[in-house]
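Commentary on secondary and tertiary structure
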Amino acid sequence: MKPKKQYTPRGERREERRAEHVEERSMRQNQPSEALKKAVAEAVEVVKNGGLILYPTDTVWGIGCDATNEEAVAKIYALKQSENKHAMLVLCPSTDAIVRYVNRAPGIAFEVMELATSPLTAILPGATGVAKNLIPETGTLGVRIPNHEFCQLLLRRLGRPLVSTSANLSGEKTPRTLPEVEQVIVQGVDYVVNPRFQGHPTGKPSAIVAFGENGEVQVIR
């Protein structure tokens with residue numbers, strides 16, 4: 001004898017179907033488009049081969065490369081006509097990733113980064129595992145977790161930190177959008193990310209907070 005099917009009122013069935021459709025649509029919307037995935041794959045390929053990319057972040061447009069590749073980092077210094085190591089930071093997808101590249105950072109630094117509601121660059125002690133020419137005399141490393149879809153997808157696929165420095169010549173105005181980037185910069189990189197993936201950046205540099213080994217905190221910007 002077959003078990004009886006449980007009766008569901010017509011109105012409830014409509015609501016269930018509607019809820020299912022909303023959930024399916026939401027899942028589709030949260031999935032990166034094929035165009036975005038293609039752009040990420042192309043950028044990652046360039047970075048892995050030691051090239052430079054011009055890309056959007058959650059703040060302003062930046063120049064990036066593999067933060068573990070000294071030759072690639074040197075290319076950025078040459079392009080920007082500056083060797084100011086303090087102007088270079090790295091992007092990581094999460095605090096779990098950051099701990100692999102700093103070995104003396106206090107716990108409070110990670111708590112602050114996780115609680116930050118706007119872009120925050122943390123200057124942390126004990127830089128390790130990145131290109132030597134990226135580390136200033138202080139032995140620190142500037143790190144940031146970008147709240148940006150393209151950057152997050154790129155970082156997770158790359159599997160290593162990405163250099164981020166403003167896309168301008170030393171001393172010049174920081175570009176907020178791709179059209180504001182000087183042609184010498186555009187022509188000096190190996191890949192330019194399509195501006196359609198810019199998202200909704202703040203249009204200004206991030207806040208900067210330095211942390212000492214013993215939990216000291218200094219607001220720099």
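In this report, the structure presented in the accompanying data block is examined. (Residues numbered from 1 in each chain as written. Predicted model: local features only at pLDDT ≥ 70, side-chain atom pairs only at ≥ 80, totals over all residues. Heavy atoms only, no water.)

As for the sheet that holds strand β5 (residues 140–144)
As a reminder, the rule being used: The criterion for strand pairing is that DSSP finds at least two bridges linking the strands in question. By definition, any uninterrupted DSSP run of H or I lasting at least four residues is a helix, any uninterrupted run of E lasting at least two residues is a strand, and each is numbered from the N terminus.
Read across the open sheet, the nine strands follow the order β7-β1-β2-β6-β3-β5-β4-β8-β9; overall the sheet is mixed. The sheet is open, and its two edges are formed by β7 (191–192) and β9 (217–219), each paired on a single side. Sheet topology note: the strand β2 (residues 62–64)/strand β6 (residues 162–166) ladder contains two bridges and is antiparallel. Looking at the pairing, Ile63 lines up with Thr165 of β6.

Some remarks on unusual backbone geometry
At Gln81, a residue that is not glycine, the phi angle is positive and equals roughly 60 degrees. Mapped onto the elements of the fold, Gln81 is located in the loop between α3 (70–80) and β3 (89–91).

Examining the layout of surface pockets
Formally: Points on a 1 Å grid over protein atoms alone make up a cavity when a 1.4 Å probe fits among them but cannot get out, and a pocket when they form an open set with protein on both sides within 12 Å along at least five of seven lines; lining residues each have an atom within 4 Å of a point. Grid points are joined across faces, edges and corners, and a volume is the space filled by probe spheres set on the points. Each residue receives one of three labels: charged for Asp, Glu, Lys and Arg, nonpolar for Ala, Val, Leu, Ile, Met, Phe, Trp, Tyr, Cys and Pro, and polar for the others, Gly being one of them.
Here the largest pocket defines a volume of roughly 680 Å³. Forming the boundary of the largest pocket are 35 residues, of which His86, Ala87, Leu89, Ile208 and Arg221 lie nearest the centre. Looking at the lining of the largest pocket, the elements with two or more residues in it are β4 (120–125), β5, β6 and β8 (207–211). Taken together, the residues of the lining of the largest pocket break down into 14 nonpolar, 17 polar and four charged. Put simply, the second largest pocket is a space of about 200 Å³. Together, Asp58, Met113, Ala116, Thr117, Ser118, Pro119, Leu120, Arg144, Ile145, Pro146 and Asn147 line the second largest pocket. Tallied by class, residues from the lining of the second largest pocket come to six nonpolar, three polar and two charged.

So, helix α6 (residues 149–158)
Going by this rule: A 1.4 Å probe rolled over the protein chains alone gives each residue an accessible area, and that area as a share of the maximum for its type sets the label: buried under 20%, exposed over 50%, partly exposed in between. Any two residues having at least one pair of non-hydrogen atoms within 4.5 Å are treated as being in contact.
Buried residues of α6: Phe150, Cys151, Gln152, Leu154, Leu155 and Leu158, and no others. Lining the buried residues of α6 we find α2 (34–48), β1 (53–55), β3 and β6. One or two positions beyond α6, positive phi appears at Gly159, with a value near 80 degrees.

Examining the packing of α2 against α6
Spelled out, the test is: Think of each axis as a best-fit line through the C-alpha atoms, taken over the contacting stretch in the case of a helix, with angles from 0 to 180 degrees between the N-to-C directions. By the definition adopted for this analysis, an angle is roughly parallel if under 35 degrees, roughly antiparallel if over 145, roughly perpendicular if from 65 to 115, and oblique otherwise. Note on convention: the crossing is left-handed when the near helix lies turned anticlockwise from the far helix by less than a right angle, right-handed when the turn is clockwise.
The interhelical angle for the contact between α2 and α6, taken along N-to-C directions, is 50 degrees, at an axis separation of 9 Å. Considered as vectors, α2 and α6 are oriented oblique to each other. Where α2 crosses over α6, the two elements pack in a sense that is right-handed. Of the residues in α6, those touching α2 at Leu36, Ala39, Val40, Ala41, Ala43, Val44, Val47 and Lys48 are Glu149, Phe150, Leu153, Leu154, Arg157 and Leu158. Here the contact of α2 with α6 is built from residues that sort into 11 nonpolar, no polar and three charged.

A few points about the nonpolar core
Operational definition: To qualify as a nonpolar core, a set must consist of buried Ala, Val, Leu, Ile, Met, Phe, Trp, Tyr and Cys residues joined through side-chain atoms within 4.5 Å.
By size, the foremost hydrophobic cluster in this structure holds 41 residues, and its most contacted members are Leu54, Leu124 and Leu134. Per-element accounting of this core gives the leading share, five residues, to α3. Once residues lying within four places of it in the same chain are set aside, the contact partners of Leu134 are Ala67, Val73, Tyr77, Lys85, Met88, Val90 and Val163. Counting 20 residues, the second-largest nonpolar core is a separate cluster that includes Leu89, Leu155, Leu158 and Phe197.

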